[in-house]
Amino acid sequence: MVINDQNKFQAIISHAKEYGFVFQSSEIYDGLSAVYDYGPWGSELKKNIREAWWNAMTRMHDNIVGIDAAIFMHPTTWKASGHVDNFSDPMIDNKDSKKRYRVDHLLEAAADEWIKAGKEKEVEQLLSEMEALLASNDFAGLKQLIEQNNIKCSVSGTNNWTDVRQFNLMFSTQLGSVSDEASEIYLRPETAQGIFVNFLNVQKTARMKIPFGIAQVGKAFRNEIVARQFIFRMREFEQMEMQFFVRPGTQQEWYAYWKEERMKWHASFGIPASSYRFHDHVKLAHYADAAVDIEFAFPIGWKEVEGIHSRTDFDLKSHQQFSGKKLQYFDTEINQHYIPYVIETSIGLDRMFLLTLCHAYQEEKWNKEDGSEDSRVVLKIPAKVAPIKLAVLPLLKKEGLPEIAKEIMAACRNEFYCFYEEKDTIGKRYRRMDALGTPFCITIDHQTKEDQTVTIRYRDTMQQERIPIAGLAQFIKQKMN
Ligand code: ATP
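Predicted model, so just to flag it, every value in this text is computed and none were measured.

Chemist: I'm lost on the overall build of the protein in this one. Help?
Modeler: Along the backbone of the protein there are 16 helices and 23 strands. Here the protein, with 481 residues, has 51% of them falling under the buried criterion. Summed over its atoms, the accessible surface of the protein is roughly 23200 Å², and 48% of this surface lies on carbon and sulfur atoms. Charged side chains in the protein number 60 positive and 67 negative. The centres of these two groups are separated by 2 Å.

Structure representation (structure tokens):
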């Protein structure tokens with residue numbers, strides 16, 4: 001895949017809208033910035049990715065169970081987690097355009113330009129200085145770095161900057177009808193805290209022994225400042241997080257284990273390893289003793305899709321302190337009470353969705369036998385997560401063909417998502433199914449009436465063959481795996 005291919009990224013965004021995957025939220029009111037809705041095929045694809053993650057975590061691991069915690073939590077949760085004091089990004093405003101930037105994004109965008117101009121050495125220097133200044137929270141130094149390198153606002157074209165300031169990313173709202181400070185609560189900015197506060201409830205009721213994990217999928221909300229990369233950075237999004245509780249001192253080995261395990265999950269989508277890389281954090285969050293991003297080669301560059309963090313005992317210890325309730329585990333193997341350490345894997349469902357689309361989207365051109373050119377846009381989505389698995393297409397709307405097609409639908413729709421279509425020529429219907437990422441189409445024609453066979457057409461190769469109707473669902477299931 002070509003990195004930094006804005007045209008391709010725009011084409012994917014248009015395709016996602018045209019084919020019912022993703023719409024801008026409240027579009028008829030001109031949309032709400034960085035908030036999106038999933039359409040018929042998008043919600044299906046999203047559900048399938050969510051399920052793939054959930055099954056890989058809970059069904060495939062005896063020692064991981066799931067929960068579904070509320071979005072609203074006691075406000076002290078966010079004091080204890082550090083989000084009230086620390087969940088902020090250094091921002092800078094351009095005085096002429098009034099446009100606000102996240103400092104790291106402004107510098108990274110400049111670095112991208114420099115790379116295009118062949119200034120690799122200077123980029124390395126710039127980014128390492130930026131990381132050091134971010135790590136030490138040196139805001140004056142960051143402003144100086146921006147000014148010294150003459151980094152300009154893309155709107156005004158000037159380098160007339162305000163001071164660098166922190167900006168908290170949490171949304172707040174009021175609980176109940178009384179609007180005073182005591183009733184102010186937050187929309188959770190991550191799902192992890194719902195897991196931490198339930199640590200003992202889950203450990204006891206599911207009778208878990210360390211090491212064990214708790215998985216959760218749910219909405220999270222962040223008032224992102226720079227949010228203009230489609231569903232890459234949203235203000236309302238979904239996270240799939242798993243906290244794995246371990247004996248203190250063993251966190252490094254579990255950290256390595258989960259790095260490997262998560263890469264295996266990504267590989268199960270059939271995406272080549274060369275599209276992924278690890279990026280170790282230089283600046284560690286206040287709770288972490290090691291952290292790495294799994295990055296993917298998006299058309300907008302190498303970007304984070306998942307984080308793996310060794311969170312120490314920070315969260316449980318802090319909740320114990322703020323709540324005054326013991327959050328300890330008694331380890332019968334070593335006869336000791338302790339607060340477990342935690343390895344977290346945290347992936348954005350929407351980002352995984354975008355990754356899947358970016359990898360799947362292909363524009364293909366070829367010459368037909370008569371020498372003329374043909375083309376198609378195809379989503380080569382892995383069959384296991386494709387929104388529609390099987391399209392059932394009677395060649396004609398008459399002569400008993402739709403009736404046979406409907407019988408096939410009835411036999412298969414319990415097994416996987418099937419889609420019936422009788423409008424348009426068969427060629428047009430195939431193209432539409434390619435655009436939706438449907439891996440298998442079957443066509444019912446006159447021969448079907450004679451020998452109870454149908455033509456199956458494979459999305460990726462466009463090859464066709466005849467197969468019997470008997471055992472069709474089983475056949476498709478085998479192909480899917
Ligand atoms: P970034 O550096 O991109 O802001 P982050 O390091 O703050 O991300 P985490 O807090 O580690 O992200 O969240 C874990 C995962 O949640 C990320 O890897 C990403 O997939 C997803 N995520 C975070 N913020 C957003 C967002 N605004 N929109 C969509 N997904 C997000």
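Past the structure itself, the notes keep going.
Chemist: Before we go on, may I ask you to explain the pattern of salt bridges in this structure?
Modeler: Side-chain pairing between opposite charges can occur once the charged atoms of the two side chains come close. Throughout the structure, instances matching the rule amount to 34 salt bridges. Note that Glu113 is salt-bridged to Lys116, the shortest N-O span being 3.3 Å. Here Glu113 pairs with Lys116, and both are found in helix α5 (residues 103-116), just 3 residues apart, close to one helical turn. A salt bridge links Arg247 to Asp331; its shortest N-O distance comes to 2.8 Å. Here the residue Arg247 occupies a position in the loop between β10 (236-246) and α10 (251-267), and Asp331 occupies one in strand β14 (residues 329-331), the gap between them amounting to 84 residues. Since its relative accessible area comes to 4%, Asp331 is described here as buried. What emerges from the salt-bridge pattern is a single network uniting Asp89, Arg102, Asp104, Glu224 and Arg233.

Chemist: Whenever I open this one, the domain arrangement of the protein confuses me. Can you help?
Modeler: The parts lose accessible area when they come together, and the size of an interface is often stated as this lost area. We note that the domain assignment places domain 1 (6-87 + 188-357) and domain 2 (388-480) within the protein. Here the C-alpha centroids of domain 1 and domain 2 sit 38 Å apart. Each side of the interface is counted separately: domain 1 has 6 residues, and domain 2 has 7 residues. Buried surface at the junction of domain 1 and domain 2, both sides included, amounts to about 590 Å², of which 68% is carbon and sulfur. Of all residues in domain 1, the largest losses of buried area upon contact with domain 2 belong to Tyr19, Trp41 and Glu44, amounting jointly to 73% of the total for that side. Our enumeration of links across domain 1 and domain 2 arrives at 0 salt bridges. Applying the counting criterion to the domain 1 and domain 2 interface returns 1 residue pair in polar contact (both at pLDDT 80 or more). The element best represented in the side of domain 1 that touches domain 2 is helix α2 (residues 40-59), accounting for 3 residues.

Chemist: How should I be thinking about the side chain of Gln251 in this particular structure?
Modeler: Relative to the helices and strands, Gln251 resides in helix α10. On the basis of relative accessibility, which here comes to 12%, the residue Gln251 falls in the buried class. Engagement of the side chain of Gln251 in a polar contact is seen with the backbone nitrogen of Gly249, the distance being 2.8 Å. The residues touching Gln251, leaving out its near neighbours within four places in the chain, are Val246, Asp289, Ser310, Tyr341 and Ile343.

Chemist: What should I look at first to understand helix α12 (residues 349-360) in this one?
Modeler: The terminal C-alpha atoms of α12 lie 16 Å apart, and with 12 residues this matches the ideal 16 Å at 1.5 Å per residue to within 8%. A large share of α12 lies buried, amounting to 11 of its 12 residues. Those residues of α12 that fall on the buried side of the exposure criterion are Leu349, Asp350, Arg351, Met352, Phe353, Leu354, Leu355, Thr356, Leu357, Cys358 and Ala360.

Parameters and conventions
Numbering of residues starts from 1 in each chain and follows the order in which that chain's sequence is written. Side-chain atom pairs in this predicted model are given and counted only at pLDDT of 80 or more, local residue features only at pLDDT of at least 70, and totals for whole chains, interfaces and linings cover all residues. To obtain the side-chain values, all non-hydrogen atoms of the structure were included, while hydrogens and water were left out. What counts as a helix is a DSSP run of H or I of at least four residues, what counts as a strand is a run of E of at least two, and both are numbered from the N terminus. When accessible area is computed with a 1.4 Å probe and restricted to protein chains, residues below 20% of their type maximum are described as buried, those above 50% as exposed, and intermediate ones as partly exposed. Using the Shrake-Rupley algorithm and a 1.4 Å probe, accessible areas are obtained, with residue cover drawn only from the displayed protein chains. Charged residues are defined here as Lys and Arg on the positive side and Asp and Glu on the negative side; His and the ends of the chain fall outside this count. In this description, the location of a charge corresponds to atom NZ of lysine, CZ of arginine, CG of aspartate or CD of glutamate. Whenever Lys or Arg places a side-chain nitrogen within 4 Å of a carboxyl oxygen from Asp or Glu, that contact is recorded as a salt bridge. Boundary definitions for the domains trace back to an automatic or database domain assignment. By definition in these notes, contact holds between two residues if any of their heavy atoms fall within 4.5 Å. What gets called buried area is simply the loss in accessible area from a 1.4 Å probe that two parts show on being joined, summed for both. Within 3.5 Å is the distance limit for a polar contact, defined as a pair of N or O atoms, with the added protein rule that one can donate a hydrogen and the other accept it, and that residues adjacent in sequence qualify only through two side-chain atoms. One fewer than the residue count of a helix, multiplied by 1.5 Å, yields its expected span.

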